[in-house]
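# Coordinates in review
If you want the building blocks of each chain, they are given just below.
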Amino acid sequence: MIAQVSVDVAAKQTDRVFEYHIPQELTDVAVGSRVVVPFGRRKVQGFVVGISKTTSYTGKLKDLLVVVDELPPLTPELITLSKTLADKIFAYRITILQSMLPRVMRANYRKILVPITEEAKKLKIFKGEPLDLNEVSNLNTIIEIKKLIKNNQAKIEYLVENKAKKKQIAIYLLTKTKAEYQQILKGLRKTAKKQQVLLDNIVKNYHEYPKLGSKIVSELDVSSSVLRAAVKKGWLVKKEQEMYRDPLKDFEPRKKKIQIKLNSEQTHALNSIGKSIQKREAKTFLLEGITGSGKTEVYLHAISIALEQKRNALMLVPEISLTPQMVKQVKERFGDNVAVLHSGLSEGEKYDEWRRIRRGEAQVVVGARSAIFAPLKNIGLIVIDEEHESSYKQNDTPRYHARDVALLRSKFHKCPVVLGSATPSLASRARAQKGRYELLLLTKRANQKALPKVDLIDLKTVEFAGAQFDLSIPLVDAIKEKIAKKEQVILLLNRRGFASFMLCRNCGFVLKCPNCDISLTLHKDTQQMQCHYCGHKEPIPRRCPNCQSEKIRFLGTGTQKVQEELENLLPEAKILRMDVDTTRRKGSYKKILDSFGDHQADILLGTQMIAKGLDFPNVTLVGVINADTALSLPDFNSSEKTFDLLTQVSGRAGRAEKTGRVMIQTYNPDNYAIKLAQSQDYESFYQKEMRVRFQGNYPPFFYTTLITITSKNEQSAAKEAFVIKRKLMRHLHAPTIILGPTPSSVAKIKNQYYYQILVKYKHEPKLHDLLHQIQDDAQLAQKRGLNIYIDNEPERIM
DNA sequence: AGCACGCCGACT
DNA sequence: GTCGGCGTGCTC
């Protein structure tokens, strides 16, 4: 038998199958197996994407070397999906196969030098072990190695290693009868106090064994050496048992059957989805419901229906660690049947959760973007919550959109997809309008609460509190009032750091990152100027680096500065700041939210990570410090992003009995995105924005593809971009629009210059092949230091 | 992507 | 005559 293998070499020339003979002893290999194969002189990991009896290859086939896992990690469905998706998004198939699995399953490659002769084994460089060639840099050693190889005294070996470690726990089993242990206890030396404790416990609690090693150690206060001694003497037997790391052990699943009654709208939505599950339809629903209308409750009921049908359910949420509350709800409803996958877990935890899914031990999977590849079988329902979120699109290769993958999987499993949002993406909403998706509306707030009152504060005319121009008097007064009433406040500012740039008032110099075309941000906590693109850091200047003048100012505002201002203006208030800088450590996110939930602070000040999904009943005021930051971006969807963000963050106010209030500070109070966010009028926004998109020839009226060309040399990037543009122009015709090439809005990042071309088209059958050609050429261009990226339906085109 | 092969100039 | 620089081509 012959295996078709996709090898772990991400390059255009190797982006195809290589065939291998399956040796007799590896008959357990199947489509989806992870294997190690000889590839040229090396060994590489690969995935079996097909098995056949014959081959058209005329050369001699090599044998598969190893089948890595007992159970093939990928299902045939996912293998097929990898091919479809690779073609669609211009990625290598192997890149997609790799991203379907937890990172720890990626191979580790090593090259070692193994001594052959006895004489060589004694050499200093080996120290009794093979030499790791990746760690050799010394010139003399390299010369010595070459000599050894030439004289046949040593050889190079290629290793493929598995990084994944299964967590093992030790269990201790008894070997004797109770009476025998009593005998041993009697004969024990008087000084062996701890052994006595252990034996005592065995005799008294005989039935409690076998027992966890860690439990024995903690309960009896003995050290592990006592256990080791006991094993040595034959009293106990140690057994290693594989254990799953449980990321949710902190949650106590109540598993109470809290059947929340659905209102008529919810019931109608649920019935439609339920019918579709039962009829096994690959149908897409757009569940559009205002904040607080109980979308989650509909999801959970729908998942129950899928489970009743003995089918499984997949639910995506935007970067799950952001919504621990959501995970908790699902976990409470479905208990141990739930597996979670998101970036907040350690690599090991992710691997364990993934294995539970693969083995069929979880019926419900909740996760962020990459969870769309969960190896779940027999899917009866896919839910994508907050479907408009841009985080569902991966920003680097493979540039897939989880929504597109969901639609592919739904076709395979013949199950419905539910896209839920208060502010659907224009693309999805337009499809619903056309009838390609079924629109389900939830217009009533489930708790019958009125929507919060939203005020716009015009920063052009308002007076500011304090010396800085960040916090207006009305906003500060409102905060004071809420704090006096022991209520809580959430403040949103979409910029971290203290001041976003340094300006010299003498010569106009702005301090920029040496590697990127962006100004450096002042960070007060670390006392450094930082680049938010590449992480470059340098000391805060005292004089202008250009003209040595001392008249330098730090302008623009960030979360750190606003925190300082708040501390000055409201010395009695306790403030928690939440941004990338304060949440870098694992678990710090949850810690901040928990302490805010316990009312250990009055104000939660943060970047957009606080806008989503948080549910704090005591929050009655939400303040947006500057609504214009996103609007000023030169992107076709910046209005949509602004509207979404403002609507989302407004929804954080007044979640329980207390009525909420929202205050939005802006320099553009007449902008339609901001005005319509104030009235929380999605429908009008949709109509208005569709007209804008129509006039600008933007999605959803046009499809878009973005080609980005980068190089360390600005001229060669620009030149290559023009070559590509000419190529496109030769083959594509109106109404297709080719924009650019233009330098990106941040023209240089990490010393790479960025040029881009945007193709907008309605129907362009040649484009797909043309882009694949461009991708082929990119392989050659790479040798000249050029990188070319193709992004199908980009989320950002700056 | 690696790795080898092969061609060419530079050095023992 | 041998070493090592880089361009070219292949990997079942």
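Residues numbered from 1 in each chain as written. Chains lettered and ligands numbered in written order. Predicted model: local features only at pLDDT ≥ 70, side-chain atom pairs only at ≥ 80, totals over all residues. Heavy atoms only, no water.

Rule in force here: UniProt positions are given in the numbering used here, feature names are shortened, and annotations may be inferred rather than shown by experiment.
The name given to chain A in an unreviewed UniProt entry is Replication restart protein PriA, and the organism recorded there is Lactobacillus gasseri. What UniProt states about chain A under its Sequence similarities (unreviewed entry) heading is, verbatim, "Belongs to the helicase family. PriA subfamily." The heading Subunit (unreviewed entry) in the UniProt record of chain A holds the text "Component of the replication restart primosome."

### Here's the deal with the sheet that holds strand E15 (residues 338-341)
Keep this limit in mind: Two strands qualify as a pair provided that DSSP identifies no fewer than 2 bridges between them. Helix numbers and strand numbers start at the N terminus; a helix is a DSSP run of H or I with at least 4 residues, a strand a run of E with at least 2. Every axis corresponds to a line fitted to the C-alpha atoms, with the helix fit spanning only the stretch in contact, and the corresponding angles, defined between N-to-C directions, vary from 0 to 180 degrees.
Pairing is parallel in the open sheet, where 7 strands are placed in the order E15-E16-E14-E17-E18-E13-E19. In this open sheet, the two strands that pair with only one neighbour each are E15 and strand E19 (438-442). In this sheet, adjacent strand axes meet at a mean angle of 15° when their direction is disregarded. Here 4 bridges tie strand E14 (residues 312-316) to strand E16 (residues 364-367), and the two strands are oriented parallel to one another.

### Side note on the UniProt feature "binding site: Zn(2+) 1" (unreviewed entry) in chain A
Rule in force here: Only protein chains enter the accessibility calculation, which uses a 1.4 Å probe; a residue is then buried when its area is under 20% of its type maximum, exposed when over 50%, and partly exposed in between. Note on contacts: a residue pair qualifies if any of its non-hydrogen atoms lie within 4.5 Å across the two residues.
In this structure's numbering, the residues bearing the UniProt feature "binding site: Zn(2+) 1" (unreviewed entry) are Cys504, Cys507, Cys544 and Cys547. For the residues just named, distributed over 44 residues, the greatest C-alpha separation is only 8.6 Å, placing them together at one site. Mapped onto the elements of the fold, Cys507 is located in the loop between strand E22 (501-504) and strand E23 (521-523). Among the residues examined, Cys507 registers a relative accessible area of 34% and is labelled partly exposed. In contact with Cys507, other than residues within four places in its own chain, are Cys544, Asn546 and Cys547. By the secondary structure assignment, Cys547 is in the loop between strand E25 (537-539) and strand E26 (552-555). Those residues in contact with Cys547, other than ones at most four positions away along the chain, are Cys504, Asn506 and Cys507.

### Remarks on the protein's contact with DNA strand B
For clarity, the cut-off: For this purpose, a residue is taken to be near a molecule or strand whenever a single non-hydrogen atom of the residue falls within 4 Å of it. For the purposes of these results, a polar contact is taken to be a pair of N or O atoms within 3.5 Å, where, inside protein, one atom must be able to donate a hydrogen and its partner to accept one; residues adjacent in sequence count only when each atom of the pair is a side-chain atom. Three classes are used, and their members are as follows: Ala, Val, Leu, Ile, Met, Phe, Trp, Tyr, Cys and Pro are nonpolar, Asp, Glu, Lys and Arg are charged, and the others, Gly among them, are polar.
The environment of DNA strand B is made up of Val9, Ala10, Ala11, Arg41, Arg42, Lys111, Tyr158, Gln779 and Gln782. Arg42 is positioned with one of its side-chain polar atoms (N or O) 3.3 Å from a base nitrogen of DNA strand B. Gln782 has a polar side-chain atom sitting 3.5 Å from a phosphate oxygen of DNA strand B. By residue class, the composition of the surface near DNA strand B is 4 nonpolar, 2 polar and 3 charged.

### Some details on the nonpolar core
Note the cut-off: We define the nonpolar core as a collection of buried residues of types Ala, Val, Leu, Ile, Met, Phe, Trp, Tyr and Cys that are connected through side-chain atoms lying within 4.5 Å of one another. The domain limits used here are those given by an automatic or database domain assignment.
Ranked by internal contacts, the top residues of the largest apolar core, which has 47 residues, are Ile372 and Ile382. Counting residues per element, this core draws most heavily on helix H1 (residues 76-89), at 6 residues. Counting residues domain by domain, this core receives three or more from each of domain 1 (2-106) and domain 4 (264-442). Beyond its immediate chain neighbours, meaning those up to four positions away, Ile372 contacts Leu314, Leu316, Ile382, Tyr400, Ala402, Val405, Ala406 and Arg409.

### Notes on the protein's contact with DNA strand C
In the vicinity of DNA strand C, the contacting residues are Gln13, Thr14, Arg16, Phe18, Glu19, Tyr20, Pro38, Phe39, Gly40, Tyr57, Leu61 and Lys62. Here DNA strand C approaches the protein such that, of its atoms within 4 Å, sugar and phosphate make up 42%. At a separation of 3.4 Å, a base nitrogen of DNA strand C approaches a polar side-chain atom of Arg16. The contact in question runs from a sugar or linking oxygen of DNA strand C to an N or O atom on the backbone of Glu19, over 2.5 Å.

### Examining the packing of aromatic side chains
Operational definition: To pair, rings of Phe, Tyr and Trp, with the six-membered ring standing in for Trp, must have centres within 6.5 Å; the planes then decide the type, stacked if under 30 degrees apart, edge-to-face if over 60, and tilted in the middle.
For the structure shown, the criterion picks out 12 aromatic pairs. Each ring, one from Tyr672 and one from Phe685, has its centre 6.0 Å from the other, and the planes form 25°; the classification is stacked. With Tyr672 in helix H19 (residues 672-678) and Phe685 in helix H20 (residues 682-695), the pair connects residues that are 13 residues apart, well separated along the chain. Phe685 matches Tyr672 in its accessibility class, with the two residues each being buried. Taking 6.2 Å as the distance between ring centres and 20° as the angle between the ring planes, the aromatic pair formed by Tyr682 and Tyr686 counts as stacked. One end of the pair is Tyr682 and the other is Tyr686, both in helix H20 and 4 residues apart, which spans about a single turn. Residue classification places Tyr682 among the buried residues on the basis of a relative accessible area of 6%. For Tyr686, a relative accessible area of 4% puts it in the buried group.

### What to know about unusual backbone geometry
Leaving glycine aside, a negative phi is the common case for residues, and trans is the common case for peptide bonds. With an omega dihedral of 0°, the bond running from Pro699 to Pro700 counts as a cis peptide bond. Its location among the elements puts Pro700 in the loop between H20 and strand E31 (703-711). For the bond from Ala734 to Pro735, the omega torsion is 10°, close enough to zero to count as cis. Tracing the chain through its elements places Pro735 in the loop between helix H21 (714-731) and strand E32 (737-749). Even without a glycine there, the phi angle at Lys310 is positive, about 60°. The topology assignment puts Lys310 in the loop between helix H10 (295-308) and E14. A relative accessible area of 68% places Lys310 in the exposed class. The backbone of Asn378 sits at a positive phi, close to 50°, despite the residue not being glycine. Turning to its location among the elements, Asn378 is positioned in the loop between E16 and strand E17 (379-385).

### Digging into the packing of helix H14 (residues 426-434) against H20
The axes of two packed helices give the description: the angle between them and the distance between them. Our working definition: By the definition adopted for this analysis, an angle is roughly parallel if under 35 degrees, roughly antiparallel if over 145, roughly perpendicular if from 65 to 115, and oblique otherwise.
Taken N-terminus to C-terminus, the directions of H14 and H20 make an angle of 100°; their axes are 11 Å apart at the nearest point. As the angle between them shows, H14 and H20 are arranged roughly perpendicular. Only Tyr682, Glu683, Tyr686, Glu689, Met690 and Arg693 of H20 make contact with H14, whose side of the interface consists of Leu426, Arg429, Ala430 and Gln433. When its residues are assigned to classes, the contact of H14 with H20 shows 5 nonpolar, 1 polar and 4 charged.

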